[in-house]
Amino acid sequence: MLSLYPGKIFLIGAITALSITLTIQTGHAQSLGDPVVHITFGSGTTTHAGALPVDSGTTSYSYTSADFPNDGSYTIETTTNTPNTWWTTTDHTGNTGGYMMVVNASLSKTDYFYKREVDNLCGGTTYQFSAWIGNLLRYNDISPPNITFSIETTDGTVIQSYTTGSIARQTSGFKWIQFPFNFTLPATVSNIIIKMTNNSSGGAPANDLALDDITFSPYGPSLVATFSSISGSTSEVECAGQNKAYTLNVAKPTGYTNPAYQWQLNTGSGWADITGATALTYTANPTTAGTYQYRLVTAEAANISSASCRIASNILTLTVSTAPSSTVTANTPLCMGNTLNLAASSGTTYSWTGPNGFTSTVQSPSITNIKAAAAGDYTVTVTTDNCSATASVTVNVYAQPVANAGKDVTICEDDNTTLSASGGTSYRWLPTTGLSDATIANPVASPTDTTAYIVTVSNSNACTATDTVMVNVLKKPTAKAGANKEITQGQSITLNGKASGTGITYYWTPNTNLSSDTVLNPVASPLEDITYTLHVVSGVGCGTEATDDVFVRVYKAISIPNTFTPNSDGINDTWDVKALDTYPTSLTQVFDRYGSLVFKSTGYTTAWDGRYNNKEVPTGTYYYLIDLKNGKKFSGWLLVVR
């Protein structure tokens, strides 16, 4: 079990200045000075700290790093971790990593468990001693802690003592309890001994406790500091650069024979005396941004320079905020119908006013479809931390021009027209295609296709308007009769005519053997070679008549006899293939039964007379192959009879 061993302090740390909150409530009966001793046992990242340093006092307990010290031992740790015996707790302040002293008292009592000497105090001065203690036992305690605090002279004479009485076990959770008491040093005493004695013995379970935040501070009459202009307030906010003075007052305290006073200032680096500020009233006038804390310290005049002897008032705080640097912007000048966009520099609140009854409370307001009546000065007041700044901007609103691109026009392909815009001082046309100059009011337009030209008209105030003119382009006639054709006599073919243009008509000449001469794809059935012409005529007066030709080649039908008698009787002496001579590129070949070529002719201008190399071929059957070179071929047998 853990018990407080007589003669041992539970947790001891470095002596530090007591932290003071920014604002302290007024109306307290007494005042404290900065601690002469403040033992917090420190803080760290490990669960256990080391043993008490030599300069922090003496103790008869043994140090251990165990979570649960044996009888007569102590540890310094951030949290207790023995839930079956003790309540779980952290140090008194609850700071992350903060240490406390945890003691398991020895079975027998000792003269003291903690002792320390404190020097350089002020005789005749009152001090307050305070410590926070808690009973750790959770379920049973046969001998609760009972601590006596004793203030003695260095020769052992007791100046004042205080006994806590039995510190009872808690039933619903660990509880830190503060035990303070006051004492006054004799006039001739400046060095003392602080002694703590445990009046209870240890046991199982008995006398287990935690100790933290031991303080020893000057103590005296109430010092209540106030602002003379603000009743009951202990803090005030002003703006940098306002040069506003504040009077700080403290009522004259009682209980001193020859008191002295000193105002102090803390701007974040600790308390420092204000030179010459030694009266009960002080005028503060900070002008730069920051937090300023003021307090008055007092002591007997002979001791005023010693921090160990003087008490301090509550703290008065002046917070000087950075004055906002207000700026305002606007997208001015504007044209009627545009959107006005205002913007103010960052702040907390905004208040806008402007022409035509305009008000707003947003940082960046807008006005859509702005009118001429909205021109003028716009003012914003920007407020941050009760500090305000004002800025203005002048907004100009100009009338829009009236754009006129002229009347729509119609031209023939390859012709041009002059556009005519008005209403401004400068012009810009889009698209620029086909324009002689896109930046003048009267460019020459030569579009190849129907085009909508948009003109942007600007006036001297850079306001713009647009208008559109349509230039309709009438296309000239074009004719394409298609590729030349080839047919065999007696066949038909479809012509593939194409025509384009605006409002056109078309026809074919001659109309000989055509299914129709007024359609683009008539069926042609000519008996002889012929050239057809496609005519395309504009019905809107654009361009001349367009024409194009297509040639239709008409081949004769050939007739191939299978017998001839080359016997020089003047009858059927040659192989007379009818119309074959009309195919000048045709190839005619005759082979004997062994596959040997006996006749060959291109174009067949002379009929075969049955000879090969000027010798008559024998009577018999031969085989022919005729290629007309137009995709048609003929083959068969041929009988030569003599």
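Residues numbered from 1 in each chain as written. Predicted model: local features only at pLDDT ≥ 70, side-chain atom pairs only at ≥ 80, totals over all residues. Heavy atoms only, no water.

1. Digging into the overall build of the protein chain
Right, on to step 1. Scanning the protein chain for helices and strands turns up 0 helices and 51 strands.
Right, on to step 2. The C-alpha atoms of the protein chain give 60 Å as radius of gyration, which overshoots the globular expectation for 642 residues (26 Å, by more than 25%).
Right, on to step 3. With respect to the three principal axes, the spread of C-alpha positions in the protein chain is 180 × 80 × 40 Å.
Right, on to step 4. Restricting to contacts in the protein chain with at least 6 residues of sequence separation, those with at least 24 account for 67%.
Right, on to step 5. Averaging the locations of the 31 positively and 43 negatively charged side chains of the protein chain gives two centres separated by 9 Å. (Helix = DSSP H or I, 4+ residues; strand = E, 2+ residues; numbered from the N terminus. Rg over C-alpha atoms; globule rule 2.2 N^0.38 Å. Contact = heavy atoms within 4.5 Å. Lys, Arg positive; Asp, Glu negative; His and termini not counted. Charge placed at Lys NZ, Arg CZ, Asp CG, Glu CD.)

2. Describing the packing of aromatic side chains
Right, on to step 1. Evaluated as defined, the whole model comprises 23 aromatic pairs.
Right, on to step 2. On the basis of an interplanar angle of 35° and a centroid distance of 4.7 Å, the ring pair of Phe68 and Trp86 is categorised as tilted. Placement of Phe68 in the loop between strand E3 (62–63) and strand E4 (73–77) and of Trp86 in the loop between E4 and strand E5 (100–104) is noted, with a sequence separation of 18 residues between them.
Right, on to step 3. Its relative accessible area of 27% is what places Phe68 among the partly exposed residues.
Right, on to step 4. On the basis of relative accessible area, Trp86 is assigned to the buried category, the value being 0%.
Right, on to step 5. Ring centres 5.5 Å apart and planes at 15° place the aromatic pair Tyr162 and Phe181 in the stacked group. Of this pair, Tyr162 sits in strand E9 (residues 158–163) while Phe181 sits in strand E10 (residues 177–184), and the two are 19 residues apart along the sequence.
Right, on to step 6. Three or more aromatic residues joined by ring pairs form one cluster here, namely Tyr127, Phe129, Phe149, Tyr162, Phe181, Phe183 and Phe216. (Phe/Tyr/Trp six-rings, centres within 6.5 Å; stacked < 30°, edge-to-face > 60°. Buried < 20%, exposed > 50% of the residue type's maximum accessible area, 1.4 Å probe, protein only.)

3. Quick notes on the sheet that holds strand E44 (residues 546–555)
Right, on to step 1. Taken in spatial order, the 4 strands make up an open sheet running E38-E44-E43-E41, and their pairing is mixed. Whereas interior strands pair on both sides, the edge strands pair on one side only; in this sheet they are strand E38 (485–488) and strand E41 (504–509). Recorded for the sheet is a direction-independent mean angle of 20° between the axes of neighbouring strands.
Right, on to step 2. Pairing of E38 with E44, which is carried by 4 bridges, proceeds in the parallel orientation. Bridge pairing in E44 places Glu486 opposite Arg553. (Pairing = 2+ DSSP bridges. Axes fitted to C-alpha atoms, helices over the stretch in contact; angles between N-to-C directions.)

4. Examining the state of the cysteines
Right, on to step 1. Taken as a whole and assessed by the stated rule, the structure comprises 3 disulfides.
Right, on to step 2. Residue Cys122 pairs covalently with Cys309 via a disulfide, S to S 1.2 Å. Looking along the S-S bond of the Cys122-Cys309 disulfide, the torsion reads about 70°, which is the right-handed sense. Highlighted residues: Cys122 in the loop between strand E6 (114–118) and strand E7 (126–135) and Cys309 in the loop between strand E19 (290–300) and strand E20 (311–312), separated in sequence by 187 residues.
Right, on to step 3. Using a relative accessible area of 6% as the deciding quantity, one classes Cys122 as buried.
Right, on to step 4. Here Cys412 is linked by a disulfide to Cys542, with a sulfur-sulfur distance of 1.7 Å. Taking the sign of the S-S torsion, -70° for the link of Cys412 and Cys542, the bridge is left-handed. In this pair, Cys412 is assigned in strand E31 (residues 409–412) and Cys542 in the loop between strand E43 (530–538) and E44, connecting sequence segments 130 residues apart. Each of the two residues, Cys412 as well as Cys542, counts as buried. (Disulfide = S-S within 2.5 Å.)

5. Considering the side chain of Ser326
Right, on to step 1. Mapped onto the elements, Ser326 comes out in the loop between strand E21 (316–321) and strand E22 (328–330).
Right, on to step 2. Residue classification places Ser326 among the buried positions, given a relative accessible area of 15%.

6. Considering the sheet that holds strand E8 (residues 147–153)
Neighbouring strands of a sheet are bound in pairs by backbone hydrogen bonds; such pairs are parallel or else antiparallel.
Right, on to step 1. Across the sheet, which stays open at both edges, the 4 strands sit in the order E6-E11-E8-E9 with antiparallel pairing between neighbours. Lying at the two open borders of the sheet, with one neighbouring strand each, are E6 and E9. When strand polarity is set aside, the average angle formed by the axes of neighbouring strands in this sheet is 15°.
Right, on to step 2. One ladder, built from 5 bridges, connects E8 with E9; its direction is antiparallel. If you follow Glu152 over to E9, its bridge partner there is Val158.

7. Here we look at the pattern of salt bridges
Right, on to step 1. Here the structure, examined in full by the defined rule, presents 11 salt bridges.
Right, on to step 2. Across the pair Lys556 and Glu528 runs a salt bridge, and its minimum N-O distance is 2.8 Å. One end of the pair, Lys556, is in the loop between E44 and strand E45 (563–564); the other, Glu528, is in the loop between strand E42 (523–524) and E43, with 28 residues separating them in the sequence.
Right, on to step 3. Overall, Lys556 belongs to the partly exposed group, its relative accessible area being 23%.
Right, on to step 4. Notably, a salt bridge pairs Arg642 with Glu616, separated by 3.4 Å at the nearest N-O pair. Taken together, the residues Arg642 in the segment after strand E51 (633–640) and Glu616 in strand E49 (residues 615–616) connect sequence positions 26 residues apart.
Right, on to step 5. Of the residues examined, Glu616 reaches a relative accessible area of 45% and is grouped as partly exposed.
Right, on to step 6. One continuous salt-bridge network, built from bridges that share partners, spans Glu413, Asp449 and Lys475. (Salt bridge = Lys/Arg side-chain N within 4 Å of Asp/Glu carboxyl O.)

8. Structural notes on the environment of Gly501
Right, on to step 1. Examined against the element boundaries, Gly501 turns out to sit in the loop between strand E40 (498–500) and E41.
Right, on to step 2. In the structure, Gly501 is positioned 37 residues away from Ser538 in sequence and 6.9 Å away in space, judged by C-alpha atoms.
Right, on to step 3. Apart from the residues within four sequence positions on either side, Gly501 is in contact with Lys475, Lys476 and Pro477.

9. Details of the nonpolar core
Right, on to step 1. Ranked by size, the top nonpolar core spans 40 residues in total, and within it Phe129, Ile192 and Phe216 carry the most contacts.
Right, on to step 2. Excluding residues that lie within four positions of it along the chain, Phe216 makes contacts with Pro35, Val36, Val37, Val118, Leu121, Tyr127, Gln128, Phe129, Ile151, Phe183, Ile192 and Ile194. (Core = buried A, V, L, I, M, F, W, Y, C linked by side-chain atoms within 4.5 Å.)

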